[in-house]
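Tertiary structure, described
Spelled out, the chains give:
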Amino acid sequence: MADYAVQPGARVVWCLRRRATDVRCVLFAEDMPVEVRVIHAGDVIVTEVFQEEWMALDWARVYGERLRAQGWQDAPDTPARVS
């Protein structure tokens, strides 16, 4: 899996785990528009584009909450949640 956390302008918003699989949300906010990618098992499964960073973070928060409601848990190496 690519290490999105070290790419310029990339920030891991959350990382969730269910069984042996991770899913992570990565925010690219260095340029406008802001891009959010959800990566599952090394593949980008969702890409969303927003005009403002706060909109992207709100979307990422809601998406993560939906996954948690389906049984995904915070991975041990998860960064602090972005509010």
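Note that the structure is predicted; figures quoted are calculated from it, not measured. (Residues numbered from 1 in each chain as written. Predicted model: local features only at pLDDT ≥ 70, side-chain atom pairs only at ≥ 80, totals over all residues. Heavy atoms only, no water.)

Sheet topology note: the strand β2 (residues 21–28)/strand β3 (residues 34–40) ladder contains 6 bridges and is antiparallel. Residue R24 lies in a different strand from β3, and its bridge partner there is I39. Here β2 folds back onto β3, and the loop between the two strands holds 5 residues. Of the pairings in the sheet, the one linking β3 to strand β4 (residues 43–50) comprises 7 bridges and is antiparallel in character. By the bridge assignment for β4, V34 is matched with F50. If you look at the hairpin formed by β3 and β4, you'll find 2 residues sitting between the two strands, and A41 has a positive phi there, around 55°. (Pairing = 2+ DSSP bridges. Helix = DSSP H or I, 4+ residues; strand = E, 2+ residues; numbered from the N terminus.)

All right, on to unusual backbone geometry then. A positive phi angle is found at R19, which is not glycine, with a value near 60°. Following the sequence through the fold, R19 ends up in the loop between β1 (10–18) and β2. A residue is classified by how much of its surface remains accessible, and R19, at 74% relative accessible area, is exposed. In this structure, A41 is a non-glycine residue whose phi angle is positive, near 55°. Residue position: A41 is located in the loop between β3 and β4. (Buried < 20%, exposed > 50% of the residue type's maximum accessible area, 1.4 Å probe, protein only.)

When β1 meets β2, the two strands line up antiparallel, connected through 8 bridges. In the strand pairing of β2, R17 is matched with D22. Where β1 and strand β5 (residues 73–74) come together, 2 bridges link them in antiparallel fashion. Bridge pairing in β5 links L16 to D74.

Inspection of the secondary structure puts P76 in the segment after β5. You can call P76 exposed: its relative accessible area is 73%. Remark: the alpha-carbon pair of P76 and R17, spanning 59 residues in sequence, is separated by 8.6 Å.

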